[in-house]
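# Residue-level structural notes
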Amino acid sequence: MRGLGMKYRIMEQTRPGGLVEQVYREVLAPAFPAEELESEAGVIETLEAGLGSLLVAVDDAGRPAGAAFGRWSEASRVQLLAYLAVKPSTRGHGLGGRLLRDAVEAWRERYDPCMIVAEVESPDAPAVHEAYGDPRRRLAFYENAGARALDLPYFQPGMGGPARRVQGMLLLVLHADPSFTQEGADRLAGGPLRTFMEAYLESAEGARPTDWDAKALFKAIDQEGGIPMGRTETDR
Ligand SMILES: CC(C)(COP(=O)(O)OP(=O)(O)OC[C@H]1O[C@@H](n2cnc3c(N)ncnc32)[C@H](O)[C@@H]1OP(=O)(O)O)[C@@H](O)C(=O)NCCC(=O)NCCS
């Protein structure tokens, strides 16, 4: 099987140029439905602003086989793992797990974040994109890495406007500073997430939303005692 004997080197870049264009076209674009993936220009802009981190796994020949892209929110001190993907021919050999571990470690060290979060499709969502991977196995992948799902009516902000929101998503916590889980191991303080979501929605959709779905999301973020976090139904 390809991938087994292959050695991969993981490199990080925080500036535009380098492997960005190749990674976007060969690794990210084929792995995500269009509505979930921002434009290449958007990725480059984040890097230009000094808020991006792209980890790339390259093979012996220097070709990218997988990548993780993260975006830092200084206002909230929340890091978002925006995209993680491994080329289909290389999946299942541990490279995704390695990229995820390396990314979380690099970002913890650099930013000392309040939390690191990731968006994934819920296995219960009506629209399942089989071509982009099985949501159930993907969630299992994150849970094996220690991720916990937040009990929120989450949706991915619409790129370009609220009409482009992606429903049926889960927000996962990959890492949280212990000071935000003081209420108990199963609750996460909502403060940083509120700031994060406000900024994320405003920058993606062009305006701060006041609709019912956004209100329901913020109400759940602000709930007394923190946001419940747990494992998901894939384990039941
Ligand atoms: C999720 C993904 C990054 C995992 O990378 P990987 O190198 O295959 O992962 P590892 O080898 O470290 O771990 C294997 C686990 O990944 C998951 N996985 C493997 N192939 C998968 C696929 N086609 N779809 C979904 N999850 C998959 C499974 O949980 C698998 O465990 P299992 O074999 O016990 O079922 C990769 O499958 C992928 O790129 N999927 C498409 C893009 C995506 O879904 N990204 C995540 C959303 S940000």
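Residues numbered from 1 in each chain as written. Predicted model: local features only at pLDDT ≥ 70, side-chain atom pairs only at ≥ 80, totals over all residues. Heavy atoms only, no water.

## Section: the packing of aromatic side chains
For any pair of aromatic rings, geometry is given as the distance between the ring centres together with the angle between the planes. Test applied: Pairs were defined over the aromatic rings of Phe, Tyr and Trp, the Trp ring being its six-membered one, requiring ring centres within 6.5 Å. Orientation was assigned from the angle between planes: stacked under 30 degrees, edge-to-face over 60, tilted for the rest. Secondary structure is summarised from DSSP: a helix means a run of H or I of at least four residues, a strand means a run of E of at least two, and numbering begins at the N terminus for each. A simple rule labels every residue: compare its accessible area, found with a 1.4 Å probe on the protein chains alone, to the largest value its type can have, and call it buried under 20%, exposed over 50%, or partly exposed in between.
Applying the stated rule across the entire model yields four aromatic pairs. The interplanar angle of 10 degrees and the centroid separation of 4.4 Å between the aromatic rings of Trp-72 and Tyr-111 together place this pair among those described as stacked. Of the two residues, Trp-72 sits in strand 3 (residues 64-73) while Tyr-111 sits in helix 3 (residues 95-111), which places them 39 residues apart along the sequence. This pair shows no difference in class: Trp-72 is buried, exactly as Tyr-111 is. Ring centres of Phe-141 and Tyr-142 lie 5.2 Å apart, and the angle between their planes is 80 degrees; on these two criteria the pair is classed as edge-to-face.

## Regarding the site of the ligand
For clarity, the threshold we go by: Put simply, a residue is near a molecule or strand once any heavy atom of it comes within 4 Å of that molecule or strand. Any pair of nitrogen or oxygen atoms within 3.5 Å is treated as a polar contact; in protein, a donor-acceptor pairing is required on top of that, and neighbouring residues in sequence qualify only through side-chain atoms on both sides. Two kinds of site are reported from a 1 Å grid over the protein atoms alone, namely cavities, where a 1.4 Å probe fits but cannot get out, and pockets, open sets with protein on both sides within 12 Å along at least five of seven lines, and residues are called lining when an atom falls within 4 Å of a point. Think of it this way: a molecule belongs to a cavity or pocket when more than half its atoms come within 2 Å of the grid points there. Amino acids are sorted into nonpolar (Ala, Val, Leu, Ile, Met, Phe, Trp, Tyr, Cys and Pro), charged (Asp, Glu, Lys and Arg) and polar (every other residue, Gly among them). Domains are outlined according to an automatic or database domain assignment.
In the vicinity of the ligand, 19 residues are found, and the nearest of them are Leu-84, Gly-92, Gly-94, Arg-137 and Arg-138. A distance of 3.3 Å is found between an oxygen atom of the ligand and a side-chain nitrogen or oxygen belonging to Arg-91. Mapping the ligand onto the cavity grids shows that it belongs to the largest pocket. Counting only elements with at least two residues in the shell around the ligand, the list comes to strand 4 (78-86), helix 3 and helix 4 (135-144). The leading source of residues in the shell around the ligand is helix 4, at four residues. Residue classes in the shell around the ligand are distributed as nine nonpolar, six polar and four charged. Counting only domains with at least three residues in the shell around the ligand, you end up with domain 1 (1-113) and domain 2 (119-236).

## As for the domain arrangement of the chain
Heads up, the rule is: Here a residue-residue contact requires only that any non-hydrogen atoms of the pair lie within 4.5 Å. Each of two parts loses accessible area, computed with a 1.4 Å probe, when they are put together; buried area is these two losses added. We define a salt bridge as a contact between a side-chain nitrogen of Lys or Arg and a carboxyl oxygen of Asp or Glu at a distance within 4 Å.
Per the domain assignment, the segments of the chain are domain 1 (1-113) and domain 2 (119-236). Here the C-alpha centroids of domain 1 and domain 2 sit 20 Å apart. In this complex, domain 1 contributes 23 residues to the contact, which on the side of domain 2 involves 18 residues. Roughly 1,800 Å² of surface becomes buried between domain 1 and domain 2 when both sides are summed, with 68% attributable to carbon and sulfur atoms. On the domain 1 side of the contact with domain 2, Glu-35, Glu-36 and Leu-80 bury the most area, a combined 27% of that side's loss. The tally of links from domain 1 across to domain 2 stands at zero salt bridges.

## Side note on the pattern of salt bridges
According to the stated counting rule, one finds 13 salt bridges in the structure shown. Among the ionic pairs, Glu-26 bridges to Lys-87, the shortest N-O distance being 3.8 Å. Here Lys-87 lies in the loop between strand 4 and helix 3 and Glu-26 lies in helix 1 (residues 20-31), a separation of 61 residues in the sequence. Using a relative accessible area of 34% as the deciding quantity, one classes Glu-26 as partly exposed. A residue is classified by how much of its surface remains accessible, and Lys-87, at 22% relative accessible area, is partly exposed. Members of the salt-bridge network, linked through shared partners, are Arg-165, Glu-205 and Asp-211.

## Digging into the environment of Gly-70
Relative to the elements of secondary structure, Gly-70 occurs in strand 3. Distance from Gly-70 to Arg-187, taken between C-alpha atoms, is 24 Å for residues 117 residues apart in sequence. Apart from residues no more than four positions distant in its own chain, Gly-70 is found in contact with Leu-51, Gly-52, Ser-53, Gln-79, Leu-80, Leu-81, Ala-82 and Trp-107.

## Things to note about the layout of surface pockets
To keep things clear, this is the line we draw: Grid points are joined across faces, edges and corners, and a volume is the space filled by probe spheres set on the points.
If you add up the space inside the largest pocket, you get close to 960 Å³. As for the largest pocket, its lining consists of 39 residues, of which Leu-84, Arg-137, Arg-138, Phe-141 and Tyr-142 are closest to the centre. At the level of elements, strand 4, helix 3, strand 5 (115-121), helix 4 and strand 7 (169-176) are the ones that each hand at least two residues to the lining of the largest pocket. When grouped by side-chain class, the residues that make up the lining of the largest pocket number 22 nonpolar, nine polar and eight charged. Of the domains in this structure, domain 1 (1-113) and domain 2 (119-236) are the two that each give at least three residues to the lining of the largest pocket. The computed volume of the second largest pocket comes to approximately 530 Å³.

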